[in-house]
Amino acid sequence: MNYWEDPGPGCGVLPPRAALRSDAPRLSLNGQWRFRLSPSVGATGFEEVDFDDSDWAWLPVPSSWPMHGHGSPAYTNQKYPFSVDPPYVPDENPTGDHRLVFELPSEWSGSTVLRFDGVDSCARVWLNGVELGVTRGSRLPAEFAVGGVLRPGRNVLAVRVHQWSSGSYLEDQDMWWLPGIFRDVTLIARPVDADVFVHADYVDGAGVLMVESAPGAVVRIPSLDVVVPCGETVTIPGVEPWSAEVPRLYDAVVELPGERVELRIGFRTVEIVDGVLRVNGRRVLFHGVNRHEHDPVFGRAVPAERMREELLVMKRHNINAIRTSHYPPDTRLLELCDELGFWVMDECDYESHGFMLIDWKGNPADDPRFLDASLDRMRRTVERDKNHPSVVMWSLGNEAGVGSNLTAMAEWTRDRDPSRPLHYEGDLSCADVDVYSRMYASHAEVEAIGKRAEKPLEDPALDARRRSMPFVLCEYSHAGGNGPGGLPEYEALFDTYERCQGGFLWEWMEHGILRPDGSYGYGGDFGEELHDGTYVLDGLVFPDLTPQPVLAEVRKVYEPVRLSVAGDVLTITNRYAVLDTSHLSLHWEIADEGEVVARGPLTLPVVPPGRSATVQLPDLPPLQNRERWLTIRAVLTNNTPWAPAGHEIASTQSLLTTPTDAPAPRPGKQPIRQAEDLVLGSGRFDGRTGRLVGLGGWEVAHVPLELWRAPTQHDARTWDASTLDRKARWANAGLDRLQYRTVSVDAAGDELTVVTMVGAAATDARVLTTYTWRTDGGRLTADVEVEPLGEWKVPWARLGVTFGVPAGFHGLTWFGLGPGQAYPDSRSAARIGRYTSTIDDFQIPYLYPQENGARGDVRWAELFGTAGTLRLTGAPHFALTVRRWTTAELAAAEHPADLTPSDRVWITLDALQHGLGSPTSGAPILPPHDLQPRRHRFRFSLG
Ligand code: IPT
């Protein structure tokens, strides 16, 4: 059998141990290596010390080689990109041979290990022509003893990396296939072969510490005056516990013979009590994200600065938890999680999702040939990461079905580290785990689970066991493209049901890959035969870490302090587990029609976690007949390691006064016929169709009714393969190709009434649309009434009116929700105010173009530019999109660069909109956000 197809773990590798910082001499072997890519596995010989590699390419290590022009990235979600025949892989097995010549410093001594922190997917390693062994398990470290082979002076390291191996069957995560030596390579001189295992509990206000290590080793915590031999348990009164909210770490040292290991110890105890997961006695609520390791330029070799930046962006958006989907991350990430404060679910590098497509037949998770490799992966995960206080749960893997190897992994873990609960979602019986977890359960199902009233398992004992477990959503609210909607409704369930301890949004980052032309590629952009297209674009942040609009929604929904105003009283509810409110300050602001008229500080009482308090609001300036809003914000009082003083943590807005209705427009002019046209005030209408063709001096295009939008990624997919997605249903119903038939155009008195029948080919589903136009001499006002007729079988994407105006408008100011977009089911973060933007910045550049950027509840908007000023008003309020291309052009584009400005600006006023939802992965859109055809009236004015 070829070694890369051996289903067992690697060979020649040392037993796994913790990732440790110590003063042991280290030599980083990162840098420029020689590299040769072959399409399949060729002859060896390149490992020889004298092999001439001078015509090979240079490649940085660590790297994912397809990101450096060798081969191409390829994206599949579940499908294996090779024939499913475990443990075998095709002959076409891209193989990267790597060579490095390095000098060993003359003072180097001691028994030395060669450490690889991550190689995808199988490596055979030689030093100075001598084979050291083979490693598999891409996102896991492997160490080889090199003592006898390492020489003073010149050394030659040769590594052959195969893209495919038996390990690939266990690494079918939903992400790019990116082979390479993608994490650090280091030589470490370790005088003793000792591991360190820190047990640091927090019990009744004291730290309970026991460090396992080599005989004779001692642990010191200077700031606590602790000096204790390893192996002994010591109780330390008065320690501060570690939590994601207060990540208190104590610097410690373990003195081994000849080596000082530096540790950062966090005292904390994770328990499940009465079916609730608690840390240090407090129920925790996971406001989490699933985080993959991805960089748009470097692939899986993520620069350390980027990891920190990712975590800072998370902290600033009230995210407190990370599931390391679906493999252990770079260990530096966990160090940062310890330091900045995150609850981490650390997941093993283990997924065999592609077997689902063949009904799990032959699943390696249930194949004894893969038992040792399965155990090896779990061991390497736990041993590497066991000392991190941030890791509060182990996860056996993701989407690997059910199988005896998973059971063995669970048993080993339970035995090795009973201090952390076990997680695995793929086995509904939860037989091997401590936490009931689901992905993408609908709101209704989560509610049933919250009540411990879920559908029973067949086995009563397993059912009783599962029913007594805490519940998490290991994935929820898939963020594909523009979405998801429905977050506040999940959050309300987490608040209501103690058992529902939050979850992890899918997913943190869009895995777009930067291409030479500056655009981001997704599945299919790299010549893949088989791929899953845009499904790799499903993050809360763009690949450059710029927040997508939904991240503002996440921040609002996850706010750890809730503010609410009733009358002249503000209620503050502290949702933190540990922190009181003393680190926050309150500010209020009053704005009349978006213009700030007063602001000031407000005293915030110290509210303990889990409690509420009220504050009397100050006297307000005298009312005017303008729409008045009160905004209250809770901000950080002082700088923190992750955000400056003044950073907003929570907010609320309430309407104080609504102006009395403006009087109905006084008729100023009557419609007059001029040649083929009808003229009403500043408006010119086509006399035959009744459509607006001119306004003031501008030529106007007018679409009387729109029911379609450029489908979002969520519109274009369903969970349940037996149902059609909205994009297809809308296309079948012809919402994207509406036809318009003028029924009547009547000028009578001071009104122009235009009746249009709107429908699509091959169906009787129509909408009778009646416009009644008036003018007060200056502005044109339309009262619009729509009435669905015939049989409607699909929801509408929108109910809107579109105008094309000259391209000479470049910006706009509006009074309504902002500054970002707002859709019916994703608008928590938007606040009523007066905002200004350019038309270009009004767009959200989703990597796959789709409906975007609608501002909600707009009362009025003014477009400005060289073309002049155009004011729009609506009653009730409308949603506004303004673009330099049409909806059809937006829908046809595959990348943002396909969108080119036309000779018009297209303005759509939506009286109603369909929500965003998140049906891509299961949960149906909640009514009433699923815009069902209905009678509706609205009014807007132009001028
Ligand atoms: C789920 C996967 O666990 C995750 O990796 C990602 O692919 C996600 O889907 C995308 O929606 S599995 C899916 C069958 C719910």
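Cut-offs applied
- Residues numbered from 1 in each chain as written.
- Predicted model: local features only at pLDDT ≥ 70, side-chain atom pairs only at ≥ 80, totals over all residues.
- Heavy atoms only, no water.
- Helix = DSSP H or I, 4+ residues; strand = E, 2+ residues; numbered from the N terminus.
- Rg over C-alpha atoms; globule rule 2.2 N^0.38 Å.
- Buried < 20%, exposed > 50% of the residue type's maximum accessible area, 1.4 Å probe, protein only.
- Phe/Tyr/Trp six-rings, centres within 6.5 Å; stacked < 30°, edge-to-face > 60°.
- Lys NZ or Arg CZ within 6 Å of the ring centre and 35° of its normal.
- Contact = heavy atoms within 4.5 Å.
- Axes fitted to C-alpha atoms, helices over the stretch in contact; angles between N-to-C directions.
- Parallel < 35°, antiparallel > 145°, perpendicular 65-115°, else oblique.
- Left-handed = near helix turned anticlockwise from the far one by under 90°.
- Nonpolar A, V, L, I, M, F, W, Y, C, P; charged D, E, K, R; others polar.
- Domains from an automatic or database assignment.
- Buried area = accessible area lost by both parts, 1.4 Å probe.
- Salt bridge = Lys/Arg side-chain N within 4 Å of Asp/Glu carboxyl O.
- Polar contact = N/O pair within 3.5 Å; in protein donor to acceptor, adjacent residues only side chain to side chain.
- Arc of directions from axis to C-beta.
- Pairing = 2+ DSSP bridges.
- Patch = residues over 30% accessible without salt bridge, like charges linked within 9 Å, V, L, I, M, F, W, Y side chains within 5 Å.
- Areas by Shrake-Rupley, 256 points an atom, 1.4 Å probe, with all protein chains shown as cover.
- Expected span 1.5 Å × (residues − 1).

**Q** Mind showing me how you'd approach the overall build of the protein chain here?
**A** Each helix and strand counted, the protein chain has 10 helices and 59 strands in total. A globule of 943 residues ought to have a C-alpha radius of gyration of about 30 Å, and the protein chain, at 31 Å, matches this closely. Across its three principal directions, the C-alpha atoms of the protein chain cover 100 × 65 × 60 Å. Expressed as a percentage of the 943 residues in the protein chain, the buried residues total 59%.

**Q** Teacher, can you tell me more about the packing of aromatic side chains here?
**A** By convention here, two paired aromatic rings are described through the distance between centres and the angle between planes. For the coordinates displayed, the defined rule picks out 33 aromatic pairs. Here the aromatic rings of Tyr169 and Phe355 are separated by 6.2 Å at their centres, their planes lie at 50°, and the arrangement is tilted. One end of the pair, Tyr169, is in the loop between β12 (153-162) and β13 (175-177); the other, Phe355, is in the loop between β28 (343-347) and α3 (371-385), with 186 residues separating them in the sequence. Residue classification places Tyr169 among the buried positions, given a relative accessible area of 0%. Residue classification places Phe355 among the buried residues on the basis of a relative accessible area of 0%. Arg248 extends its terminal NZ or CZ atom over the ring of Tyr250, reaching a point 4.0 Å from the ring centre.

**Q** Whenever I open this one, the side chain of Arg628 confuses me. Can you help?
**A** Relative to the elements of secondary structure, Arg628 occurs in strand β41 (residues 628-636). Overall, Arg628 belongs to the buried group, its relative accessible area being 1%. When near neighbours in sequence (up to four residues on either side) are disregarded, Arg628 contacts Ile590, Ala591, Asp592, Val597, Leu620, Pro621, Pro622, Leu623, Ser654, Leu655, Leu656 and Thr657.

**Q** Sorry, what's going on with the packing of helix α7 (residues 487-496) against helix α8 (residues 549-557) here?
**A** Two measures define how a pair of helices packs: the angle their axes make with one another and the distance between the axes. It is the contact of α7 with α8, at a shortest axis distance of 10 Å, that shows an interaxial angle of 25°. By the angle class used here, α7 and α8 are roughly parallel. In this structure, the crossing between α7 and α8 has a hand that is right-handed. Note on element contacts: α8 touches α7 through Val550, Glu553, Val554 and Val557, opposite Leu487, Pro488 and Glu491. Looking at the contact of α7 with α8 residue by residue, the class counts come to 5 nonpolar, no polar and 2 charged.

**Q** Explain the domain arrangement of the protein chain to me, please; I cannot follow it from the model alone.
**A** Interfaces are often described in size by the accessible area the parts lose on coming together. Assigned domains within the protein chain: domain 1 (3-188), domain 2 (271-555), domain 3 (560-657) and domain 4 (672-942). Look at where the C-alpha atoms of domain 3 and domain 4 centre, and you get two points 35 Å apart. Contacts between the two partners involve 11 residues from domain 3 and, on the opposite side, 7 residues from domain 4. Summed over both sides, the interface between domain 3 and domain 4 buries roughly 780 Å², with carbon and sulfur atoms accounting for 42% of that surface. Considering only the surface of domain 3 that becomes buried against domain 4, Glu593, Glu627 and Gln653 emerge as the three largest contributors, covering 54% of it. Across the domain 3-domain 4 interface, the total number found is 3 salt bridges. Of the charged contacts, one joins Glu627 and Arg859 as a salt bridge, the two residues approaching to 2.5 Å between their closest N and O atoms. Linking domain 3 with domain 4 are 7 residue pairs in polar contact (both at pLDDT 80 or more). Elements with a contribution of two residues or more to the side of domain 3 that touches domain 4: β41 and β42 (648-657). For the side of domain 3 that touches domain 4, the residue count by class is 1 nonpolar, 4 polar and 6 charged.

**Q** Would you mind showing me how to read helix α5 (residues 443-450) here?
**A** In an α-helix, one turn spans 3.6 residues; hence positions three or four apart end up facing the same way. Every buried residue belonging to α5 is among His443, Val446, Ile449 and Gly450, and all of these are buried. The buried residues of α5 occupy an angular sector of 120° when projected down its axis, which confines them to one face. Its buried side turned inward, α5 meets β31 (436-439), β32 (471-476), α7 and β33 (500-505). One or two residues past the end of α5 sits Arg452, with phi positive at roughly 55°.

**Q** Which parts of the structure should I look at to understand the sheet that holds strand β19 (residues 226-229)?
**A** By definition, the strands of a sheet pair up through backbone hydrogen bonds, in either a parallel or an antiparallel sense. Here we have 5 strands laid out as an open sheet, ordered β1-β22-β21-β18-β19, and antiparallel in their pairing. Pairing within the sheet leaves two strands with one partner each, and these edge strands are β1 (21-22) and β19. Here β1 pairs with strand β22 (residues 259-265) via 2 bridges, running antiparallel. For Arg21, the partnering residue across the bridge sits in β22 and is Glu262.

**Q** Looking at this structure, I do not really get the sheet that holds strand β47 (residues 698-699). What am I missing?
**A** Taking strand neighbours across the sheet as the criterion, the 5 strands line up as β43-β44-β45-β46-β47 in an open arrangement whose pairing is antiparallel. Edge positions in the open sheet fall to β43 (672-674) and β47, since each of these has one partner strand only. With 3 bridges joining them, strand β45 (residues 683-686) and strand β46 (residues 692-695) adopt antiparallel strand pairing. Pairing of Arg684 across the sheet is with Gly694, part of β46.

**Q** Looking at this model, I keep getting lost on a nonpolar patch on the surface. Mind explaining?
**A** Taken together, the side chains of Val297, Phe298 and Leu514 define a hydrophobic patch exposed on the protein surface, amounting to about 230 Å² of accessible area. Turning to its location among the elements, Phe298 is positioned in the loop between β26 (286-290) and α1 (304-316). With relative accessibility at 36%, the residue Phe298 sits in the partly exposed group.

**Q** I would appreciate a short explanation of the environment of Arg871 in the present structure.
**A** With respect to the element layout, Arg871 can be found in strand β57 (residues 868-883). Judged by its relative accessible area of 25%, Arg871 is partly exposed. Expressed as a C-alpha distance, the spacing of Arg871 and Leu942, which sit 71 residues apart in the sequence, is 5.8 Å. Setting aside anything within four residues of it in sequence, one finds Arg871 in contact with Arg779, Trp860, Ala861, Glu862, Ser941, Leu942 and Gly943.

**Q** Looking at this structure, I do not really get the pattern of salt bridges. What am I missing?
**A** Pairing of side chains with opposite charge becomes possible as their charged atoms draw close. Going through the model one piece at a time under the given rule, you end up with 74 salt bridges. Among the ionic pairs, Asp195 bridges to Lys386, the shortest N-O distance being 2.5 Å. Taken together, the residues Asp195 in the loop between β15 (185-189) and β16 (197-203) and Lys386 in the loop between α3 and β29 (391-395) connect sequence positions 191 residues apart. For Lys386, a relative accessible area of 1% corresponds to the buried category. Its salt-bridge partner being Glu785, residue Arg937 comes within 3.6 Å of it at the nearest N-O pair.

**Q** Just checking my understanding: could you explain the environment of Ala217 for this structure?
**A** Here Ala217 shows up in the loop between β17 (206-212) and β18 (218-221). A sequence separation of 38 residues divides Ala217 from Glu255, and the C-alpha atoms of the two residues are 5.4 Å apart. Setting aside chain neighbours within four positions, we find Ala217 in contact with Pro229, Cys230, Val254, Glu255 and Leu256.

**Q** Where do I start with the pairing of β16 in this structure?
**A** The two faces of a sheet get side chains in turn, since along a regular strand they alternate between them. Alignment of β16 against β17, held across 7 bridges, turns out to be antiparallel. Paired with Ala200 across the strands is Leu209, a residue of β17. Adjacent in sequence and paired antiparallel, β16 and β17 are bridged by 2 residues, among which Asp204 carries a positive phi angle near 50°.

**Q** Explanation requested: α1 in the structure shown.
**A** Over its 13 residues, α1 extends 19 Å from the first C-alpha to the last, a length consistent with the 18 Å expected when each residue adds 1.5 Å. Along α1, the residues that are buried comprise Arg306, Met307, Glu310, Leu311, Leu312, Val313, Met314 and Lys315. Check the buried side of α1 and you find it contacts β26, β27 (321-323), α2 (331-340) and α8. Just downstream of α1, Asn318 is the residue with a positive phi angle, here 65°.

**Q** Honestly, the environment of His895 in this entry has me stumped. Any pointers?
**A** Position of His895 relative to the elements: it lies in the loop between α10 (887-892) and β58 (904-913). Residue classification places His895 among the buried residues on the basis of a relative accessible area of 9%. His895 sits 374 residues away from Gly521 along the chain, and the two C-alpha atoms are 8.3 Å apart. Discounting residues that sit within four places of it in the chain, His895 has contacts with Arg515, Tyr520, Tyr522, Asp525, Leu847 and Pro849. For His895, the side chain forms a polar contact with the side chain of Arg515, separated by 3.5 Å.

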